[in-house]
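Residue-level structure breakdown
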Amino acid sequence: MTNPIAPDLPAVRMPAKPRAGVWRRLVRRPLALLGLIIVALVLAGAILAPWLTGYDPNEQMFDGLTLEGSPLPPNAKFWLGTDLLGRDLLTRILFGARTSLIIGIVANGVALFIGTLVGVTAGYFRGWIGSALMRFTDLMMAFPALLLAICLAAVFEPSLWIVAMVIALVNWVQTARVIYTETSSLSEREFIDAERTIGASAPRILIRHILPHLLPTIIVWGTLGISTTVLLEATLSYLGIGVQPPTASWGNIIFENQTYFQAAPWLVFFPGAAILALALAFNLIGDALRDILDPTQRGRE
Amino acid sequence: MIAYLGRRLIQSLLILLGVSLITFALLYLLPADPVRQIAGRSATPETVENIRRQLGLDQPFIVQYWHYLARLLGGDLGRSYIQRSEVTELIVSRLPASLLLMVGAILCELAIGLTMGLIAAVRRGTATDQTLMVASFVGVSAPQFVVGLLLLYVFAVRLGWFPIGGYGSWRHLVLPSLTMGILGAGWYARMMRSSMIDVLRQDYMRTARAKGLARGAILFRHALPNAILPVVAMIGIDVGVFMGGIVVVESVFGWPGIGQLAWQAIQRVDIPIIMGVTLVSAFAIVLGNLLADIIAPFIDPRIKLR
């Protein structure tokens, strides 16, 4: 469609300039860089898991337990020690990284999609659809999220995908609220009015004009959301209603070994540190992205 | 003000009604059949049907929900399927423990968070500031069950300063409160820092410095009271985070509050208890938000209630 007012003007790509160099500005911040390094390490560990240790995550090794049958502390053969069944802890943590990342990306992706859809629809169309959607969002805010997730997870036969869906169903609410606020203020701006005046269709306005402006917010909330998701998955798995053993997850490693925890604290410490590191990494990256991408925050440093 | 309050109260009631409807519907749609759980594996089909009729579970959804609401208005949350006792009584008997934990957690998060935020703001831009902000990130990224287990290991198992779990003296309260407080402290530290930085930038701070007040007097008499109020007003909103955390923290420490009650009920599909605790939590969250909104204009007169 050509612009009826000034048909020869090249298409204006507004957000292009401020966003150029986001990556460069991100790696220049030490904390964000630390976050990126942690994510890269976890990603590498997850992908290369089968080749990094030479053990199978589910192999219960004869020499993996003491003569009395308790787990081994970290040693030269099993770097992080073994768990209550004589399995190599490092291998299970590496394979557990796969679980965390898959759920982090899938659950958070679905939550982000639902949240954006609800927020944009409510913010742009207003009317009864808008208020119905936002009242429903308010209602979801009143649910204790973890309790709801625990109920849902306890009810369904837990599997990796069910856990991901449960987390997504609980986690879209915040995104929806933020996107709603931004969309409703955007759709009152003059350039959107102008689009409407020249007869642009709603989908065109939404996709070409509103969504690009929401992108920074979506990226920031998407990154911070992975952190929440990783923590929620770990918590559900720790309670025994998340990802089920023998599939390794950082949460269920702690769940399985909890009885040995006083005698073998490394079984809580290492997977716990892994959860903390990954959640921290996405929080650090998300926070830096917020500073870089949010124009209202710019120049405050 | 009165009109605003009235509208907010009606809104809050509607939200609670919605929460009850959704929870009720979710639990109604459960694939797990509570009647089978109660009757046991060896029960005959007739027994199962009898129990179903007794509990009114053979009736259509709307009728069941209507009965539940009618009783709820009289403060009756029904009877537990398994313990056979009144859910209201169970919750009331567990509530003091959870409220105590809540007070402990709020004290911990305010004490840690506000101090961190204050120091970070005063030392803004220095290494201290950065270290504290990283620490606040670690606080919000740490899974509560891991924090709880580690605190237990260090302070109860190794050092023996506090009991390993249970309920009773103030010593029992320290570790669970700290576990819950570390998460919140991270948020409060960040909020306190930015609130304090905002205040330090104001003109009246320059006046205070210009008239030669001592640094301590400026900070504690002029800056702190102004900076602390908007942060403390967030406690109301914090209730939601707290209600989520108690299930985990109470189960780690064997704390006999409503979180543990809910967790046991979920494992046994004891629907009336799950419903009850969800409603009580939702009530607390809605109340917290309401209070935070009502208090806001008193703290900052620029905010108007609408």
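Everything numeric in this text was worked out from a predicted model, so none of it was measured. (Residues numbered from 1 in each chain as written. Chains lettered and ligands numbered in written order. Predicted model: local features only at pLDDT ≥ 70, side-chain atom pairs only at ≥ 80, totals over all residues.)

1. Section: the overall build of chain B
For the record, the criterion: We count a stretch as a helix when DSSP gives it H or I for four or more residues in a row; a strand needs E for two or more, and each element gets its number in order from the N terminus. With C-beta atoms placed from the backbone, a residue is buried if 20 or more other C-beta atoms are within 10 Å of its own, exposed if 12 or fewer are, and partly exposed between those counts. We call two residues in contact if the C-beta atoms placed from their backbones are at most 7 Å apart.
A tally of regular secondary structure across chain B gives 13 helices and zero strands. Counted from the first residue to the last, chain B has its helices and strands arranged as α-α-α-α-α-α-α-α-α-α-α-α-α. Overall size of chain B, expressed as C-alpha extent along the three principal axes, is 85 × 55 × 30 Å. For chain B, with 306 residues in total, the buried portion stands at 38%. A separation of at least 24 residues holds for 71% of the contacts in chain B among residues at least 6 apart in sequence.

2. With respect to the overall build of chain A
Within chain A, the regular secondary structure consists of 11 helices and zero strands. Walking chain A from its N terminus toward its C terminus, one meets helices and strands in the order α-α-α-α-α-α-α-α-α-α-α. Along the first, second and third principal axes, the C-alpha set of chain A runs to 85 × 45 × 35 Å. Counting every position in chain A, which comprises 301 residues, the buried fraction comes to 46%. Intrachain contacts of chain A at a sequence separation of at least 6 include 71% that bridge at least 24 residues.

3. Focus: the interface of chain B and chain A
Under the convention used in this document: Gly is put with the polar residues, along with every residue not named as nonpolar or charged; the nonpolar set is Ala, Val, Leu, Ile, Met, Phe, Trp, Tyr, Cys and Pro, and the charged set is Asp, Glu, Lys and Arg.
The interface of chain B with chain A comprises 34 residues on the first partner and 29 residues on the second. For the side of chain B that touches chain A, the elements supplying multiple residues, two or more each, are α1 (2-28), α6 (127-141), α7 (144-158), α11 (235-253), α12 (258-267) and α13 (271-299) of chain B. Residue composition of the side of chain B that touches chain A, by class: 27 nonpolar, seven polar and no charged.

4. Details of helix α8 (residues 170-200) of chain B
Residue and element names in this part refer to chain B. Just so we agree on the cut-off: The span one expects for a helix is its residue count, reduced by one, times 1.5 Å. Each residue is assigned a bend, namely the angle between axes fitted to the seven residues that terminate at it and the seven residues that start at it.
Taking 1.5 Å as the rise per residue, α8 with 31 residues should run 45 Å; its terminal C-alpha atoms sit only 38 Å apart, a clear shortfall. At I182, α8 is deflected by roughly 35°, the largest bend along its length. Most of α8 sits out of view: 23 of its 31 residues are buried.

5. Section: the confidence of the model for chain B
Going by this rule: Looking at any residue, its pLDDT shows the predictor's confidence there, from 0 to 100.
With 98% of its residues at a pLDDT of 70 or more, chain B shows a mean pLDDT of 85. Scored as a complex, the prediction yields pTM 0.86 and ipTM 0.86.

6. Some points on the environment of B:F242
Residues and elements named next belong to chain B. Along the chain, the position of F242 falls in helix α11. Note: C-alpha distance between F242 and L290 (48 residues apart in sequence) is 16 Å. Not counting the four nearest positions on each side in its chain, F242 is found in contact with M102, A105 and M180.

7. Here's the deal with the confidence of the model for chain A
Residue and element names in this part refer to chain A. In this model, chain A carries a mean pLDDT of 84, and residues with pLDDT of at least 70 account for 91%. Of all helices and strands in chain A, the one with the weakest mean pLDDT is helix α1 (residues 16-19) (52), whereas helix α4 (residues 89-125) scores best (92). pLDDT under 50 marks residues 1-16. Its contacts with residues more than four places away, or in other chains, come to four contacts.

8. Topic: the environment of A:I210
Residues and elements named next belong to chain A. Note that I210 resides in helix α9 (residues 202-238). On the neighbour-count criterion, I210 (22 C-beta atoms within 10 Å) is buried. Setting aside its immediate chain neighbours within four residues, I210 contacts V120, Y124, T183, L186, S187 and I205.

9. Re the environment of A:A200
All names here are of chain A. Topologically, A200 is positioned in the loop between α8 (190-197) and α9. C-beta crowding within 10 Å serves as the criterion here: with 16 such atoms nearby, A200 is assigned to the partly exposed category. A C-alpha to C-alpha distance of 21 Å links A200 and Y180, two positions 20 residues apart in sequence.

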